[in-house]
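Tertiary structure, described
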Amino acid sequence: MEKTDIKSLNKTELRQVIEAMGEKKFRADQLYDWMHVKLARSFDEMTNISKAFREQCKETFLYTSLSAVCVQESKLDGTKKYLFALEDGNVVESVLMRYKHGNSVCISSQVGCRMGCRFCASTLDGLTRNLKPSEMLDQIYAISRLIGERISNVVVMGTGEPLDNYENLITFIKLLSDENGLNISQRNITVSTCGIVPNIYRLAEEKLQITLALSLHGATDAKRQELMPIAKAYQISELMEAVDTYFEKTGRRITFEYSLVAGVNDTDEDVMNLTALASGRNCHINLIPVNPIKERDYRQPKQEYVTAFKNKLEKNRINVTIRREMGRDIDGACGQLRKRHLEES
Ligand code: SAH
């Protein structure tokens, strides 16, 4: 029988299983604190728990823990990219970005991805498997331990489509923002999706205060379909209804992500169509000059072009920023570190 993944249990569930083992409730609270506050890497670190019970736990539970396979640090801005090995030998990528307002970690939600966005390195080899809630937490816990600092912001923008791993994502967010755990404010958690409409509606009903980022990348169905296969399943009009509902239910402003690709989605017509989508919506546009990957021929528009694109949107009274590119010197786009590792091994 598969062992219970202890770090994916919430406090109530943990108390139930610990009591079923004939232990007192406070043992569960101690375990929870070791896992989610003290960020223990194994039962052996839990020194105020008897050795006998620790041994029993080892037999009963799976205790996930990551090991860093490789760390790259940007000389430009201190951004660090981590390649972590999971229990089964698969690897995932996470990124630490240091800002004045605190440490932000970008995590992966799946091993690989099946969404097939044309410009993205993470999807080239398809989906291997979903990450468990514990494995998403572990990325943050491991980085926090390694740098000996608190993490204040989390973005689910690494490899994988979070809304394609829905239940685990929700469990993860609840554990991450639990006041008895790391207690990261939901307002400091962002989930980025390529736009799986039914799950945006589900998310709107969860009563979470997280930020939803929608990867738009094209302002018409035709343009979007060129870059993102998911756009064939859901039209932009359906997507807009879904994000409007998300805003109505949560009061959280939507972020639209727009990767600028030279000659593909950076024309004046694109400005016009994007303006039409963003006007009258409580939203914010994040422009990301596309990070070229060697498998495809997509290029960034020239810097002046990117700035001009932004200025035109601003003139149309759209809230827009150009995403600061962090760690450009260390294997650029999401998934490239993992991809290179797989190719070399
Ligand atoms: N699957 C989710 C989250 C992962 S990617 C999503 O699609 O939103 C996070 C963001 O980076 C998405 O907006 C994605 O489209 C974008 N992205 C992926 N590869 C990129 C690249 N090479 N250059 C620029 N943006 C990229």
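Rules behind the numbers
Residues numbered from 1 in each chain as written. Predicted model: local features only at pLDDT ≥ 70, side-chain atom pairs only at ≥ 80, totals over all residues. Heavy atoms only, no water. Domains from an automatic or database assignment. Contact = heavy atoms within 4.5 Å. Buried area = accessible area lost by both parts, 1.4 Å probe. Salt bridge = Lys/Arg side-chain N within 4 Å of Asp/Glu carboxyl O. Polar contact = N/O pair within 3.5 Å; in protein donor to acceptor, adjacent residues only side chain to side chain. Helix = DSSP H or I, 4+ residues; strand = E, 2+ residues; numbered from the N terminus. Near = heavy atom within 4 Å. Core = buried A, V, L, I, M, F, W, Y, C linked by side-chain atoms within 4.5 Å. Buried < 20%, exposed > 50% of the residue type's maximum accessible area, 1.4 Å probe, protein only. Phe/Tyr/Trp six-rings, centres within 6.5 Å; stacked < 30°, edge-to-face > 60°.

In terms of domain boundaries, the chain breaks down into domain 1 (4–62) and domain 2 (67–344). Each partner contributes residues to the interface: domain 1 has 16 residues there, and domain 2 has 15 residues. Carbon and sulfur atoms make up 54% of the surface buried where domain 1 meets domain 2, a total of about 1200 Å² over both sides. Counting the surface domain 1 buries against domain 2, the share from its top three residues, K7, H36 and L39, is 41%. Counting every contact that joins domain 1 to domain 2 gives two salt bridges. Note that D138 is salt-bridged to K7, the shortest N-O span being 2.5 Å. Where domain 1 packs against domain 2, one counts eight residue pairs in polar contact (both at pLDDT 80 or more). Counting residues per element, the side of domain 1 that touches domain 2 draws most heavily on helix α2 (residues 25–36), which supplies three residues.

Let us now look at the site of the ligand. Around the ligand, the surrounding shell holds 17 residues, and the nearest of these are E161, S192, S215, H217 and N291. One nitrogen or oxygen atom from the side chain of E257 is found 3.4 Å from an oxygen atom belonging to the ligand. Here a nitrogen atom of the ligand sits 3.0 Å away from a polar atom, N or O, in the side chain of S259. Those elements giving two or more residues to the shell around the ligand turn out to be β10 (189–193) and β12 (254–260).

On to the nonpolar core, then. The biggest cluster of nonpolar side chains holds 96 residues, and the ones touching the most others in it are L31, I140, F172 and I285. Of the residues that make up this core, three or more belong to each of domain 1 (4–62) and domain 2 (67–344). Dropping the residues within four chain positions of it, L31 is found in contact with I6, L14, I18, F43, M46, I49, F53 and C57. Grouped together as the second largest cluster of nonpolar side chains are seven residues, M97, C106, V155 and M326 included.

Evaluated as defined, the whole model comprises four aromatic pairs. Considering the side-chain rings of F43 and F61, the 6.5 Å spacing of their centres and the 40 degrees angle between planes classify their relative orientation as tilted. Highlighted residues: F43 in the loop between α2 and α3 (51–60) and F61 in strand β2 (residues 61–62), separated in sequence by 18 residues. Overall, the relative accessible area of 4% leaves F61 in the buried class.

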